[in-house]
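# Notes for the structure review
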Amino acid sequence: MELYWVLFFSSLSPLAGGQGVYAPANAQIVHSGAACNVKDDNISERIYTIKEGDTLVLQCIVKGHPRPQVRWTKTAGSASDKFQETSIYNETLRIEGIQRVQGGRYYCKADNGIGVAAIRSIRVDVQYLDTPVLTVHQTISDVRGSYYQEKTVFLRCTVNSNPPVRFIWKRGTTLIEQSKDNGVDIYEPLYTQGETKVLKLKNLRPKDFADYTCQVSVRNVCNIVDKSVTFRLTNATAPPMIRLAVNDTVVVDPGQDVNINCEVTSGYPPPTITWSRYPDPLPLSAQVRGSTLMLRAVTPSDAGFYNCSAVNNVGNPARKNFNLVVRTMSNLTFQITPDSNKDSETIQMGRDLKLSCHVDATPQDKVNYTWYKNGALVYNSESLILLRSDPDMAPGTSSLEIVDMKFRDLATYSCVANFPGSRVPELRVDVNISQNSVSPPMLSVPPGGQTVVAREGGTAELVCLVVDGKPRPPILWSRLEKDLLMPSGQPLVETPNGRLRLKNVSRDMMGSYRCQTAPYNGLNIKRREAQVQLNVQYPPILDPVFQDVRSRNYQMVTLRCAVLRSNPPRLNDIRWLRNGDFVRMPMPDLKETPELKFKLEPTSNGTYECRVSNSAGTSTCTFNVSAQPYNAEFYFDTPNPVRILKGNNYSYNLQWTQKDPEATDRIIGYWVNVRKNKANLMSKQIDLRGKEPEKGVLISHVISDLRIPLSYEVRLAPITTYSTGEFVSRIIQYSEPYTYPRPSDHVCGFEDARICGFTQDRTDVFDWTRQNHLTQNPKRSANTGPETDRSGTKEGYYMYIEASRPRVQWDKARLLSPLFNVTSVKGPKGSGRVAYCVSFYYHMKGKHIGTLNVLLRVKSIAFVDTVIWTKSGHQGPEWRKAFFDITPNGPFQIVFEGVRGQSFEGDIAIDDVSITLGKCKQENTVASAVLIGGSHSLSLTWWLTVGLAFALLLLYR
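Calculation notes
- Counting starts from 1 at the beginning of each chain's written sequence and moves along it residue by residue.
- Since the coordinates come from a predicted model, pLDDT governs what is reported: local features require at least 70, and pairs of side-chain atoms require 80 or more to be given and counted, while whole-chain, interface and lining totals use all residues.
- For the side-chain quantities, the full set of heavy atoms in the structure was used; hydrogens and water were omitted.
- We count a stretch as a helix when DSSP gives it H or I for four or more residues in a row; a strand needs E for two or more, and each element gets its number in order from the N terminus.
- Should any heavy atoms of two residues lie within 4.5 Å, those residues are counted as being in contact.
- Working definition of a nonpolar core: buried Ala, Val, Leu, Ile, Met, Phe, Trp, Tyr and Cys residues. They are joined through side-chain atoms within 4.5 Å.
- To sort residues, take the accessible area from a 1.4 Å probe on protein chains only and compare it with the maximum for the residue type: under 20% means buried, over 50% means exposed, and anything in between is partly exposed.
- Any pair of cysteine sulfurs within 2.5 Å is marked as a disulfide.
- Each residue carries a pLDDT value, the predictor's own confidence for that position, ranging from 0 to 100.
- Aromatic pairs are defined between Phe, Tyr and Trp rings, using the six-membered ring for Trp, whenever the two ring centres lie within 6.5 Å; interplanar angles under 30 degrees are classed as stacked, those over 60 as edge-to-face, and all others as tilted.
- Criterion for a charge above a ring: Lys NZ or Arg CZ within 6 Å of the ring centre, and within 35 degrees of the ring normal.
- At least two DSSP bridges between two strands are needed for those strands to be called paired.

## With respect to the environment of C36
- Relative to the assigned elements, C36 resides in strand β3 (residues 35-40).
- Taking the C-alpha atoms as reference points, C36 and T49, 13 residues apart in sequence, are found 5.3 Å from one another.
- Non-local contacts of C36, meaning those with residues more than four positions away in its chain, are made with T49, I50, K51, C222 and R762.

## Section: the nonpolar core
- Core analysis: the biggest nonpolar cluster contains 34 residues, and F840 and F896 have the highest contact counts within it.
- Mapped onto this core, the elements with two or more residues apiece are β63 (798-801), β64 (812-816), β65 (836-844), β66 (851-859), β68 (879-886), β69 (892-899) and β70 (908-917).
- When residues in this core are grouped by element, the largest group, five residues, is from β65.
- Counting residues in hydrophobic clusters, the runner-up holds 31 residues, among them C357, A361, C415 and F419.

## Here we look at unusual backbone geometry
- With omega at 0°, the peptide bond leading from H65 into P66 counts as cis.
- Structurally, the position occupied by P66 is in the loop between β5 (56-65) and β6 (69-75).
- Of the consecutive residues D543 and P544, the connecting peptide bond is found in the cis state with omega at 5°.
- By secondary structure assignment, the location of P544 is in the loop between β44 (529-543) and β45 (546-550).
- Phi angles above zero are rare outside glycine, and N374 is one such case at about 50°.
- Taking relative accessible area as the criterion, N374 reaches 54% and is therefore assigned exposed.
- Phi at C756 takes a positive value of approximately 60°, unusual for a residue other than glycine.
- Its location among the elements puts C756 in the loop between β60 (728-732) and β61 (759-760).

## Describing the state of the cysteines
- Applying the stated rule across the entire model yields eight disulfides.
- Disulfide pairing places C357 opposite C415 at an S-S distance of 2.1 Å. Between C357 and C415 the sulfur-sulfur dihedral comes to about -90°; the bridge is accordingly left-handed. One end of the pair, C357, is in strand β28 (residues 353-362); the other, C415, is in strand β33 (residues 411-418), and 58 residues separate them in sequence. Accessibility assignment for this pair places C357 and C415 in one class, buried.
- Looking at C610, it has no disulfide partner, and the nearest cysteine sulfur is the one in C561, 3.9 Å off.

## Thoughts on the confidence of the model for the chain
- Looking at the chain as a whole, the pLDDT averages 86, with 87% of positions reaching at least 70.
- Per-residue pLDDT stays below 50 along residues 142-148; that stretch engages in four contacts with residues further than four places along the chain or on separate chains.
- In the predicted structure, residues 924-957 sits below a pLDDT of 50 and forms 21 contacts with residues beyond four places in sequence or in another chain.

## Focus on the packing of aromatic side chains
- Inspection of the entire model under this criterion finds 17 aromatic pairs.
- Here Y798 and W879 contribute two aromatic rings whose centre-to-centre distance is 6.0 Å and whose plane-to-plane angle is 65°, an arrangement assigned as edge-to-face. Of this pair, Y798 sits in strand β63 while W879 sits in strand β68; the two residues are 81 residues apart in sequence, bridging distant segments of the chain.
- Joined through ring pairs, the aromatic side chains of F840, Y842, W869, F884 and F896 make up one cluster.
- The residue whose ring lies beneath R67 is F636, and the NZ or CZ to ring-centre distance is 4.2 Å.
- For the cation-ring pair, R428 lies above Y372, with the distance from its terminal atom to the ring centre recorded as 5.8 Å.

## Brief notes about the sheet that holds strand β29 (residues 368-373)
- Read across the sheet, four strands follow the order β30-β29-β33-β34 without closing on themselves; strand pairing throughout is antiparallel. Two strands in the sheet have a free side with no partner beyond their single neighbour: β30 (376-377) and β34 (427-433).
- Across seven bridges, the pairing between β33 and β34 is antiparallel. Its bridge partner being in β34, C415 is matched across the sheet by V429.

Structural data, given as structure tokens:
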């Protein structure tokens, strides 16, 4: 393979400010998914219509240099709604199986840091049609006193859809028309959710007892089929009624089985029973058999409100519910409250004393408390007062008040909490009341513990001890700042021994912590408090963490490493390294910003590190210092970079700019490599011949004799007098120029996935398929279809119809060209029509070949199709050429229609389609009889010889 090179600088002049071709981002949204329709509305916003469940594909075609970054976002329905939290950074947005909630405005934002970001939007309209729901309602009213009753039935049909549906009512198979039946009324009610239509049967007649069908239609939008629902109305039709054989609240022990039956007492048709739980779903262990809900070995997590619903689409659903409560009991605590009227904190004879007992339980109001004194049951007396629910305490708290305490009241008191008749174990707490067993607590922080120092990532223990007091209460920890939570995420943390252990401490944990005695399991008096300061040490925070420094050789370079924060703030050491070795220099001032100055030479390129240390650790600033030039920046906005050459080759116009060319030594050229499958095809040095790159000015390079339709990797690196920069690479691909809506001399070989703007007809049975030899199905039929494209390359693409299952005879597939706007083209003098030449290659091999039709579709008031070329049956194993002239009288399309034959050996293919202005050239007329490919080709000389002999024969006769 030979590659030819042409290098030149673009003639584009730099923009103001020396920016050259650096340009802000520009964006355009195109679609390639399963769109039903794409149109513009009155405010010039594009609307993309798609069927629910199909695949949405939106591509943001961006322009700008350097290449912009693309971000997709979405709003729910209007521009005033907030953006979704999730964003997609990609040029292509693809949503498989799109749902209705994913409709809305999609925004493509392209930004390359130059100027204002480009934003484009498209509104995605998801089309759907749910199965309708038909419900029946009836009213009975007296008419004219008590002579007779009038029974009216309302059939309500509701559906969710987009676009709005059309309703059709049928009685049996007969269409119901309001104008032809005085006994019915069809209307749309107000204030209904979804789309609703009501069929009213007035003063029910015998013929009204029948099957009623509600059919809904969106008129085949997006090929959505109609849906319907049927209801049989009889004399027995009645709404459902149910009952539960339990109370509104059911209280059970853990481990107990629960079986609840939802009995249907009336309703026709027989109602359907469903069970649910609020707010959570039914437990995984729940079983529903018929109308019975069964819960095996319930746990506290099974508690909640359970609902039984009966539905038969007559009247309103019948609902009954009950609350399932599972007994639990835990965390029994006590409080000792001295005489509050005397503001006392100790036990004193002759004063009152209150003992309180509380347990966390469900249900709280069903807990039974029992008090004992030295093991004997306590009864109400003048000196001992029992409070089943103390109003001065938290709900569910029981208290025992000792009035005017005497020596006889010094004893051990016990509080027992239980559920009467339950298997839940009871809880018990003992409180010893004596002059020596109860004393106020004293809270203390150990010496040196007021400030705890810890390194980031390590552990810290905050200690706050009860050094005196009986009984000793637990310690509660919290942050001193009210808005801050504990590291566990809770506002309070209880520790039984006053030791708070923190793991993996971070700098945001630094601050003051409050410790205080708990108001339970001890004296209920004023809380004792103390504070502990946590100081988290961390290494210095430096700027920059990494910096790429470029400079010319033999120029002075200054590197600075700024210390933003440090704890402790005092620095211990500052050291500079180059490529891992220490740089010899005077001891730097630890109070000044670390700085290194040196002259850059070819031997002093490399990685420089500034290591700054304090007692907590060491941090590093890293500098990559080099005289190596910056990378080249590929220019992606080249118009028509592909140029088709003779044969099956093409050239590519590669363009780029040089980033900051004056930052390093003068750039004298570039290395350019062309690779295929990681193998070098060509490597060449391009000499700039003394002309230096300018910032923002395009450099162009033409690579010739590339093979259609292959893609290549191109690698590019700048060269200076001292070094070579790093290679950057990009993939160049063959793409067919999109020149529509005007005909051109371009031949469409379907090598690009955009297939030159051709589209599939959505009204046919199946689609044409783009394929080449490498993407063929290995199980395909061997006796039909082409092996290669028209040019004979296995990589080349073509379009074909697959005749295998599920296709049947006469199935059609249509491929539509873009709409050519020819209204501005004038024909020869005296003629209003212009001639166009349509040319293409076709392949029709197989014993079951059907028909290939070419139609001219002209747009006037409506589209008019005319068959202008047709071919049927087996035409041999070669590609054949066809061409003809057309003279349309308005905007037109060319339609390729493939018709499936009798069986599966009937694949038809087309390739190299062209539609050019002017009549087909005369020499092509002779060539049209030539078989293309193989050894069957006949020369032009042969045909001329035959023609001349035939003419002489006629003349002789």
